[in-house]
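These are the residues of each chain, in order.
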Amino acid sequence: MKQQYIFGLHAVAAALEYEPASIRQLWLVDNRKDARVQQLEKLALTAGVRPQRCNRATLDNLLPGESHQGVVAECTTAARSWQEQDLLPLVEAAGQKCLLLIVDGVQDPHNLGACLRVANGAGVHAVIAPRDKAVDLNATVRKVASGAAESTPFIQVGNMARTLEMLKQKGVWLVGTSDKAERNLYETDLTGPIGLILGGESKGARRLTQEACDFMVSLPMAGTVSSLNVAVATGVCLYEAVRQRSFVKSVR
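As a starting point, this report considers the structure included with it.

Analysis parameters
- Residues numbered from 1 in each chain as written.
- Predicted model: local features only at pLDDT ≥ 70, side-chain atom pairs only at ≥ 80, totals over all residues.
- Heavy atoms only, no water.
- Helix = DSSP H or I, 4+ residues; strand = E, 2+ residues; numbered from the N terminus.
- Rg over C-alpha atoms; globule rule 2.2 N^0.38 Å.
- Buried < 20%, exposed > 50% of the residue type's maximum accessible area, 1.4 Å probe, protein only.
- Areas by Shrake-Rupley, 256 points an atom, 1.4 Å probe, with all protein chains shown as cover.
- Lys, Arg positive; Asp, Glu negative; His and termini not counted.
- Charge placed at Lys NZ, Arg CZ, Asp CG, Glu CD.
- Salt bridge = Lys/Arg side-chain N within 4 Å of Asp/Glu carboxyl O.
- Pairing = 2+ DSSP bridges.
- 1 Å grid on protein atoms, 1.4 Å probe; cavity = no way out; pocket = protein on both sides within 12 Å on 5 of 7 lines; lining within 4 Å.
- Points joined across faces, edges and corners; volume = space filled by probe spheres on them.
- Nonpolar A, V, L, I, M, F, W, Y, C, P; charged D, E, K, R; others polar.
- Right-handed = clockwise from strand over helix to strand, strands pointing away.

1. Topic: the overall build of the chain
Assigned secondary structure in the chain consists of 10 helices and 11 strands. For a compact globule of 252 residues, the expected C-alpha radius of gyration is about 18 Å, and the chain comes in at 20 Å, within 12% of that figure. Considering only C-alpha atoms, the chain reaches an extent of 55 × 40 × 40 Å along its principal axes. The buried share among the 252 residues of the chain stands at 46%. Accessible area for the chain stands at about 12,800 Å²; split by element, carbon and sulfur atoms hold 49% of it. Across the chain, 28 positive and 25 negative side-chain charges occur, with their mean positions spaced 4 Å apart.

Below is the structure:
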């Protein structure tokens, strides 16, 4: 059974709320007893997890170079692991409101964590990523996601092209992003069942992924830079979808 550490107040609190059975040990730094840590300690005890107090050096040695905020948990990843077969029921349950984020080849854990955080805020039903040549749901991703990694379905797939074809057969429109696309993001209808596709940091989405898209859109760039960071672009795209859907709802 695979073990990993999660750290940071939000990430550990989310694990205690959504995956308490996965936590094997919880450490709290001994010189921090503020209200946020006390609240976390109560949450842990309610979940049946007894925290251990330790000095900061112990946590620093456990996670060198990480900003752990004095809160670290050892957990197993087996408690709630979303699988490929979970995707179809999620899509069917969401119906016409389905909103998916597909990140193809994101390798920076900070970027993936930020994508998960904004996806959670935008009400995305699932985040889809390839199983190979992409970052896993590791401790840094969980920390940056600030709790979103535990509450947002994150599904890694073995064959992205096959998954995208399945989504299209279920009525999901696939909208990819490219700085070469002629269609503007703001000219595109994002109110139906949509899968927004964003590529990795260096090469963007792979060729087969782009070919599966129903539309390719670009973000207007008025300055001297040619593109945005994938996490920033994710926020722009998802919240344009949120804006359009909120407007349609208010009109109805």
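We are not done yet, so read on.
2. Considering the pattern of salt bridges
Here the idea is simple: oppositely charged side chains can pair when their charged atoms come close. Under the definition given, this model contains 11 salt bridges. Put simply, K168 and D214 hold a salt bridge, and the shortest N to O gap is 4.0 Å. Here D214 lies in the loop between α9 (207-211) and β11 (215-218) and K168 lies in helix α8 (residues 160-169), a separation of 46 residues in the sequence. Note on D214: relative accessible area 30%, which makes it partly exposed. Salt bridges sharing partners connect three or more residues here, namely E19, R142 and E150.

3. Some details on the pairing of strand β2 (residues 23-29)
For β2, the tally of buried residues reaches five of seven residues, placing the bulk of the element in the interior. Judged from the five bridges that link them, β2 and strand β4 (residues 71-76) form a sheet pairing that is antiparallel. Looking across to β4, one finds that L28 is bridged to V71. Direction of pairing for β2 relative to strand β3 (residues 52-54): parallel, over a ladder of three bridges. Its bridge partner lying in β3, L28 is registered against R53.

4. Side note on the layout of surface pockets
One number sums up the size of the largest pocket: a volume of about 550 Å³. Contributing to the lining of the largest pocket are 23 residues, with T177, S178, D179, S227 and L228 lying nearest its centre. Listed by contribution, the elements that provide at least two residues to the lining of the largest pocket are β10 (194-199), β11 and α10 (230-251). Split into classes, the residues belonging to the lining of the largest pocket amount to eight nonpolar, 11 polar and four charged.

5. Concerning the pairing of strand β5 (residues 99-104)
Taking burial as the measure, the six residues of β5 include six buried ones, the bulk of the element. Residues L99, L101 and V103 point to one face of β5 and L100, I102 and D104 to the other, with burial holding for every one of them. Pairing geometry for β5 and β10, over six bridges, is parallel. What sits directly across from V103, in β10, is L198. By the bridge criterion, three bridges tie β5 to strand β6 (residues 126-130) in an arrangement that is parallel. Note that in β6 the partner of L101 across the bridge is V127. The parallel pair β5 and β6, bridged by helix α5 (residues 109-122), forms a crossover whose chirality is right-handed.

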